[in-house]
Amino acid sequence: MSKFIDDHQKLEIKPRHMDFPFGSLKKVKFFDNNIYKSAFMVGMSAGFPVGEGEFLASVRNYRDQVTSPNLKKQVKGFIGQEGHHSHQHIKINEELDRLGYNTKKIDRSFRKTNEKYIVPRSNKFRLAHTVCYEHLTGIMGEFALDQPKLLEGMEDPFKDLMLWHCVEEVEHKSVAYDVYMETVGDLKYLHRVMMLTITLLSFRLTKYMFSMAFTSKNWASLKDLSGFISWMFGKGGMWRSLRKPFMEFFKEGFHPWADGGLEFIEKWERELARPEQNKSTKEYRLANPS
Ligand SMILES: [Fe+2]
Ligand SMILES: [Fe+2]
């Protein structure tokens, strides 16, 4: 077994209770003054409350079948972290609507789709679907923490939210996978579900981005669209850079921690975290005397 897989067993997964100054978000084009880059982020943020609710529900279905004491603890941490992510995204989504977006439209439509096509399926499918999403959020999180240029030009409250979300996605990246392997263990099925998941996610994120750019009434900019295309698909862009870690999922002996990842958590703690936004720190208490 890889040394990294051993290391992560000791990792304590605990939600950090944050307080971000979302009210200070200023511009509708809050990301690099580019409507498509901003709308892409808005689409993602708008989908999180429903998506993460489904992740929790699908893992909860198997919670009682988990026997490893360490994994039981990690499941508890995973549920706490995802619940808190949804809570923070609901808050920022309200601010995004104040700027001119309509995140409620996405929330409503995604909720209907989830209730109609995902919830009625088998527990096995729902868990496999969550494992696939957790692989995608884990590799995206590592990429954003590793390459700070990715979020360059983003207003601080959104950027701080995303980096905190990224670090916790890295921390719990193997929880759903380990639950699946302990209770179901069907890899062929998991790989098939991944192909479906990546196809639907790519379609959905594209649709949400255009929908949010239109509702903001700022969509008519070819310059912004071409800026988005090179940010996503150009050299060093997210799409190209994630191809390799995405494909790792299908390799024999794959595990989310096989190539490590603790270094990204340490980097966030050392260079990117703002203790004054974390409710459990003395910096927060000093900045917010009750
Ligand atoms: Fe999350
Ligand atoms: Fe997650």
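Every value quoted in this text rests on a predicted model; they were computed, and no experiment measured them.

Trainee: For the packing of aromatic side chains, give the residues involved together with the corresponding values.
Mentor: Scanning the entire structure with this criterion turns up 17 aromatic pairs. With a centroid separation of 5.6 Å and an interplanar angle of 45°, the aromatic rings of Phe 40 and Phe 228 are classed as tilted. Highlighted residues: Phe 40 in helix H2 (residues 35-60) and Phe 228 in helix H9 (residues 222-233), separated in sequence by 188 residues. An identical accessibility class is assigned to Phe 40 and Phe 228; each is buried. Between Phe 40 and Trp 231 the ring centres are 5.9 Å apart and the planes differ by 70°, which places this aromatic pair in the edge-to-face class. Remark: Trp 231 occurs in helix H9 and Phe 40 occurs in helix H2; sequence separation between them is 191 residues. Residue classification places Phe 40 among the buried residues on the basis of a relative accessible area of 5%. The exposure class of Trp 231 is buried, given its relative accessible area of 10%. Its end group placed over the ring of Phe 31, Lys 37 keeps NZ or CZ at 4.8 Å from the ring centre. The ring of Phe 125 has Arg 121 lying over it, and the distance from NZ or CZ to the ring centre is 3.9 Å.

Trainee: Help me get a handle on empty space enclosed by the protein, residues and values and all.
Mentor: Scanning the entire structure with this criterion turns up two cavities of 30 Å³ or more. Taken as a whole, the largest cavity encloses approximately 410 Å³ of empty space. Lining the largest cavity are 27 residues; nearest its centre among them are Met 44, Phe 48, Thr 137, Met 140 and Leu 205. Of all the secondary structure elements, the ones that give two or more residues to the lining of the largest cavity are H2, helix H4 (103-118), helix H5 (123-146), helix H6 (156-171) and helix H8 (187-215). Tallying contributions element by element places H2 first for the lining of the largest cavity, with eight residues. Looking at the lining of the largest cavity, its residues break down into 16 nonpolar, eight polar and three charged.

Trainee: So what's going on with the nonpolar core? Which residues, and what values?
Mentor: Ranked by internal contacts, the top residues of the largest apolar core, which has 85 residues, are Phe 30, Phe 40 and Met 41. In terms of residues, this core owes the most to one element, H2, which gives 13 residues. Apart from residues lying up to four places away in sequence, Phe 40 is in contact with Leu 205, Met 209, Phe 228, Trp 231, Met 232 and Met 238.

Trainee: Let's hear about the coordination of the iron ion (ligand 2): which residues, and what values?
Mentor: For the iron ion (ligand 2), the full set of protein donor atoms is Glu 82 (OE), Glu 134 (OE), Glu 134 (OE), Glu 169 (OE), Glu 169 (OE) and His 172 (NE2), at a range of 2.0 to 2.8 Å. The coordination sphere of the iron ion (ligand 2) comprises six donor atoms, whose angles at the metal cover 50 to 146°; the geometry is irregular. Within one chain, the residues serving as donors to the iron ion (ligand 2) are arranged as E-x51-E-x34-E-x2-H.

Trainee: Before we move on, could you go through the coordination of the iron ion (ligand 1) and cite the residues and values that matter?
Mentor: Taken together, Glu 52 (OE), Glu 82 (OE), His 85 (ND1), His 165 (NE2) and Glu 169 (OE) make up the protein donors of the iron ion (ligand 1), found 1.9 to 2.3 Å from the metal. In this structure, the iron ion (ligand 1) lies 3.9 Å away from the iron ion (ligand 2), the two metals sharing Glu 82 as a donor. Here Glu 82 lies in helix H3 (residues 69-99) and Glu 52 lies in helix H2, a separation of 30 residues in the sequence. Residues Glu 52 and Glu 82 agree in their burial class; the two are buried.

The rules behind these values
- Residues numbered from 1 in each chain as written.
- Chains lettered and ligands numbered in written order.
- Predicted model: local features only at pLDDT ≥ 70, side-chain atom pairs only at ≥ 80, totals over all residues.
- Heavy atoms only, no water.
- Phe/Tyr/Trp six-rings, centres within 6.5 Å; stacked < 30°, edge-to-face > 60°.
- Helix = DSSP H or I, 4+ residues; strand = E, 2+ residues; numbered from the N terminus.
- Buried < 20%, exposed > 50% of the residue type's maximum accessible area, 1.4 Å probe, protein only.
- Lys NZ or Arg CZ within 6 Å of the ring centre and 35° of its normal.
- 1 Å grid on protein atoms, 1.4 Å probe; cavity = no way out; pocket = protein on both sides within 12 Å on 5 of 7 lines; lining within 4 Å.
- Points joined across faces, edges and corners; volume = space filled by probe spheres on them.
- Nonpolar A, V, L, I, M, F, W, Y, C, P; charged D, E, K, R; others polar.
- Core = buried A, V, L, I, M, F, W, Y, C linked by side-chain atoms within 4.5 Å.
- Contact = heavy atoms within 4.5 Å.
- Donors = N, O, S within 2.8 Å, 3.2 Å for Na, K, Ca; no water.
- Tetrahedral: all angles 85-135°; square planar, octahedral: opposite > 155°, others 65-115°.

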